[in-house]
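Examining the three-dimensional arrangement
So the chains spell out like this:
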Amino acid sequence: MSYFLLQVLNALSFSALLMLAGLGLSLVLSMMNFINLTHGSFFLLGGYIGVQWLASGAPWWLAFPAAFVLCALTGWLLNQFPFRQFYQRPHLMQVLLTYGLSVIFADLMRWGFSADTLSPVLPQALRGGVWILGLPFPTYRLFLIVAGLALALLFWLLLDRTLWGAAIRACVQDAQIVETLGLDSRRLFAIGMALSTGLAGLGGALGAGMLSVYPGLDEEILLLALLVVVVGGLNSVRGTLLCALILGFVSTFARMWVPSFANAATLAAMLGMLLIWPRGLGGPVARQV
Amino acid sequence: MTSSSLSAGRRQLLLAAAASPLLFGVPRLLRAQDAPLKIALLTSLSGPFAALGESMRAGLELMLQQCNYEMGGRKVQLLVEDDHGKPDEAIRKVRKLIARDQIDILGGVISANIALAIRDIVHDAQLPTFISNAAANALAREAASPYVFRPTKTSWMLGHTGGLWTYEHIEKSGGLTLASDYTAGREYIEDFAHTYQEQGGALGERIWTPLGTPDFAPIIMNLAARNPKFVYTFLAGSDAVRFHQQMQDYQLHGKIQIIGPGALYDQEDVVTAVGQAALGGVSTFHQSPGAAGAQDFVAAYQAARGRLPGEASTSGYVTGQVIKAGLDAVKGELSNKLAFKQALLDQPIDTAFGPLQFDPRNNQSILDIYVNEVRQDAQGRPFNTVVHTYSRIQDPGPRS
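Here's a quick rundown of the structure. (Residues numbered from 1 in each chain as written. Chains lettered and ligands numbered in written order. Predicted model: local features only at pLDDT ≥ 70, side-chain atom pairs only at ≥ 80, totals over all residues. Heavy atoms only, no water.)

1. Comments concerning the overall build of chain B
Rule in force here: Each helix is a run of DSSP H or I of at least 4 residues and each strand a run of E of at least 2, with the numbering of both proceeding from the N terminus. The rule is simple: take the accessible area with a 1.4 Å probe, protein chains only, and divide by the maximum for that residue type; under 20% is buried, over 50% is exposed, in between is partly exposed. When checking whether two residues touch, look at their non-hydrogen atoms; a contact exists if any pair is within 4.5 Å. Each accessible area is a Shrake-Rupley result for a 1.4 Å probe, and residues are judged covered by the shown protein chains and nothing else. As used throughout, the charge tally considers Lys and Arg to be positive and Asp and Glu to be negative, leaving His and the chain termini uncounted. Where a charge lies is defined by one atom per residue type, namely NZ (Lys), CZ (Arg), CG (Asp) and CD (Glu).
Scanning chain B for helices and strands turns up twelve helices and 15 strands. Judged by the C-alpha coordinates and their principal axes, chain B covers about 110 × 45 × 40 Å. Sorting the 400 residues of chain B into buried and exposed places 59% on the buried side. In chain B, once contacts between residues fewer than 6 apart in sequence are set aside, the share between residues at least 24 apart is 68%. Carbon and sulfur atoms make up 52% of the accessible area of chain B, which amounts to about 16,200 Å² in all. For chain B, the centre of its 36 positive side-chain charges and the centre of its 39 negative side-chain charges are spaced 7 Å apart.

Below is the structure:
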């Protein structure tokens, strides 16, 4: 019994990780209609920032805000040039631009942070484990689950329940109308991009404690994030969250029962969901990507 | 008259034209003697094996600096190419190195599939090649080539000794295996299981996990539920780092004995990253920072890069040592490839791995295999300490 409960907690912690990877991308991809393949690079960058911060001896809890702020700043700079020039271009152009940039970033990070696998030095409060029904469970994973849920809630409220969220979605539908209403769509997009890259960086800093950071993590995370966002349904935060939850559970229990086929099982589940809900879990969308 | 004088002039011109390549050619021929020998290093500087590739290059460069870029009395020039960890890219680079750069010797290669992919090209070009790191058994058996030397181990050499050690010193039953599901993992597990069962050991379940598994927690929970006596496991790089760390997170570290081929506890790219979580781990490896023959290299590498060397850096260094031994024996004269080969086969070479002797059947090295246990050293660092040495382990080689 406790064994299953612990596997459920494992699944939840992996879901939280998927959620952290997917949230930022869902904002850019579905709300802003921009295909950003550098998303994984920001996740990795955030991870490196977290690792460096935790090793530096500065207050540990500031590592996560620092990763958010620094990645958001980088995202904002990239928005000024060259992302902004590509928002109105065809998707293929965006793919070429952002894929090329992700390769450049991978090289820069390998040069700046070395090619080694790095693990964060976790503070005493997050290390160690708690006993749940007689079995040990890492404290850090509980922290990850709580952080993931809190961020998801915050993000959903921001996009689905605030005027700002409505405005950014309106910008995608018809930027000109939004402009005539007196809103600056360029500024909205700049904030959106910064928020998205900041979230990716935060996810990376939080995920480093579970995954470690190393060159190549950027691509792995990008793939997971795309999966979560696309299967979850574009234009729907709830769909993204639901999908992260489902894929987290499917891959965890696949690893537990049939470890050799864990990847196949996860992809089969994704395929199944797309066949049943071609528009993703989040319901209908007005627009195609 | 005019026609004959003209033809005389033409004859002189023709003669001069015919002689000119000879005139210019003589000094060029002379120069070819002291032109630098071109040694190329093919390694992975990007992609999943980037860290290993960087270390391999650092190891070889350290060796070249120590001998002042001179081998067998000739200057040596090093060319480095990145294979991105992909066989097709490696093939392209090797073709370019042979055709355009006209290299004399090729070394390097991290992964087995790349070593196998370039094997036919270097064989056909009769290019002296040194496989520094890739362990695939096939290269010592059906895919062996008279031009390809392998200063490093085969999977069998580690799996076999792992089986011997586990049976004699750990448990005779009640263990299971866990490995990344690709060629190297399959080879190590099969060779381990074969030897272990041959000794009389009984082996439980075999767990396979895809290469690049992000979360080992579900598998670790299964290990906890089954509570085996030991786990023989092959994971490398970031997979190994995550596995050790998550074992510690779930407080299983130290409760289940972990043993495997050395990549599981590589001093440079795994132990450094996981720290205390590596303590108590046992591996069989042809490399150890604690090995007697490695001490000078370990000190020099630490001075150069500020850390202990692992397999890839030692491989790079040993590749340089082996090439130097061969070139010194033939005084830098590579045109006679048979003499070069014979020189390599003739006598054992002292390397940073330990004593190394090439097997004349397949040019595969015969090496000492160390049983390393990760213990704290004098400074409190986790350190691969040699607890036993299986001397002169030789791959079964080509089956007749």
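2. Quick look at the overall build of chain A
Quick note on the threshold: For the radius of gyration, the atoms used are the C-alpha atoms, and the globule rule reads 2.2 Å times the number of residues raised to 0.38.
Each helix and strand counted, chain A has eleven helices and two strands in total. Tracing chain A from N to C terminus, the helices and strands come up as α-α-α-α-β-β-α-α-α-α-α-α-α. Rg of the C-alpha trace for chain A: 19 Å, near the compact-globule value of 19 Å for 289 residues, within the 12% margin. Taken across its 289 residues, chain A has 55% of its residues classed as buried. Considering only contacts in chain A between residues 6 or more positions apart, those separated by 24 or more positions represent 78%. Element-wise, carbon and sulfur atoms account for 72% of the exposed surface of chain A, whose accessible area totals about 12,500 Å².

3. Comments concerning the sheet that holds strand 6 (residues 148–149) of chain B
All names here are of chain B. Keep this limit in mind: Pairs of strands are assigned from DSSP output, requiring at least two bridges between the strands. Only the contacting stretch of a helix is used when fitting its axis, a line to C-alpha atoms as for every element, and angles between N-to-C directions run 0 to 180 degrees.
Reading across the sheet, the six strands line up as 2-3-1-4-5-6 and stay open at both edges, with mixed pairing between neighbours. On the outer flanks of this sheet lie strand 2 (70–71) and strand 6, each paired with one strand and no other. Against the sheet, helix 3 (residues 87–99) engages strand 1 (37–43), strand 3 (74–82) and strand 4 (105–108), with an angle of about 150 degrees to strand 3.

4. Looking at the side chain of glutamine 7 of chain A
Looking at the secondary structure, you find glutamine 7 of chain A in helix 1 (residues 2–31). Not counting chain neighbours up to four residues away, the residues in contact with glutamine 7 of chain A comprise Thr252, Phe253 and Met256 of chain A together with Pro218, Met221 and Asn222 of chain B.

5. Regarding the pattern of salt bridges
Keep this limit in mind: For this analysis, a salt bridge means a side-chain nitrogen from Lys or Arg found within 4 Å of a carboxyl oxygen belonging to Asp or Glu.
With the rule as written, the count across this model stands at 22 salt bridges over all chains. A single network of salt bridges, built from pairs that share partners, joins Glu81, Glu89, Arg92, Lys93, Lys96 and Asp101 of chain B.

6. Quick word on the nonpolar core
As a reminder, the rule being used: As used in this record, nonpolar core signifies buried Ala, Val, Leu, Ile, Met, Phe, Trp, Tyr and Cys residues forming a set joined through side-chain atoms within 4.5 Å.
Ranked by internal contacts, the top residues of the largest apolar core, which has 81 residues, are Phe83, Phe155, Leu206 and Leu217 of chain A. Residue contacts for phenylalanine 155 of chain A: discarding those within four places in its chain leaves Leu23, Ser26, Leu27, Leu195, Leu199 and Val237 of chain A. Leu203, Ala343, Leu345 and Ile349 of chain B belong to the second-largest nonpolar core, a separate cluster that totals 66 residues.

7. Focus on the packing of helix 10 (residues 237–257) of chain A against helix 11 (residues 262–276) of chain A
The relative placement of two packed helices comes down to the angle between their axes together with the axis-to-axis distance. Residues and elements named next belong to chain A. For clarity, the cut-off: For a crossing to be left-handed, the near helix must be turned anticlockwise from the far one by less than a right angle; the clockwise case is right-handed.
Running from N to C, helix 10 and helix 11 cross one another at 145 degrees; their axes reach a closest spacing of 8 Å. When you trace helix 10 past helix 11, the crossing you get is right-handed. Of the residues in helix 11, those touching helix 10 at Ile246, Leu247, Val250, Ser251, Ala254 and Arg255 are Ala262, Ala265, Thr266, Ala269 and Met273.

8. Points about the interface of chain B and chain A
To keep it simple, the criterion reads: Polar contact is defined as a pair of N or O atoms within 3.5 Å, subject to the rule that within protein one atom must be able to donate a hydrogen and the other to accept it, and that residues adjacent in sequence are counted only when both atoms are side-chain atoms. Residues are sorted three ways: Asp, Glu, Lys and Arg are charged, Ala, Val, Leu, Ile, Met, Phe, Trp, Tyr, Cys and Pro are nonpolar, and all the rest, Gly among them, are polar.
In this assembly, 29 residues from chain B lie in contact with 31 residues from chain A. Put simply, chain B and chain A have four salt bridges between them. In this structure, arginine 110 of chain A engages glutamate 54 of chain B in a salt bridge whose closest nitrogen and oxygen atoms are separated by 3.4 Å. For the pair chain B and chain A, the interface holds 16 residue pairs in polar contact (both at pLDDT 80 or more). Mapped onto the side of chain B that touches chain A, the elements with two or more residues apiece are helix 2 (50–66), strand 8 (203–209), helix 7 (217–226) and helix 8 (237–249) of chain B. Tallied by class, the residues present in the side of chain B that touches chain A amount to 15 nonpolar, eight polar and six charged.

9. Notes on the environment of glutamine 267 of chain B
Residue and element names in this part refer to chain B. In this structure, glutamine 267 sits in helix 9 (residues 267–274). In the structure, glutamine 267 is positioned 41 residues away from leucine 308 in sequence and 6.7 Å away in space, judged by C-alpha atoms. Here proline 382 takes part through its backbone oxygen, which lies 3.1 Å from a polar atom of the side chain of glutamine 267.

10. Quick look at the pairing of strand 8 of chain B
All names here are of chain B. Just so we agree on the cut-off: Handedness of a crossover is defined as follows: with both strands directed away from the viewer, a clockwise route from the first strand across the helix to the second makes it right-handed.
Summarising the sheet, strand 7 (residues 175–180) and strand 8 pair through five bridges and their orientation is parallel. Each bridged residue has a counterpart across the sheet, and for glycine 175 the counterpart in strand 8 is leucine 203. This β-α-β element, strand 7 to helix 6 (residues 183–199) to strand 8, shows right-handed connectivity.

Keep in mind that these numbers describe shape and distance, not what the molecule does.
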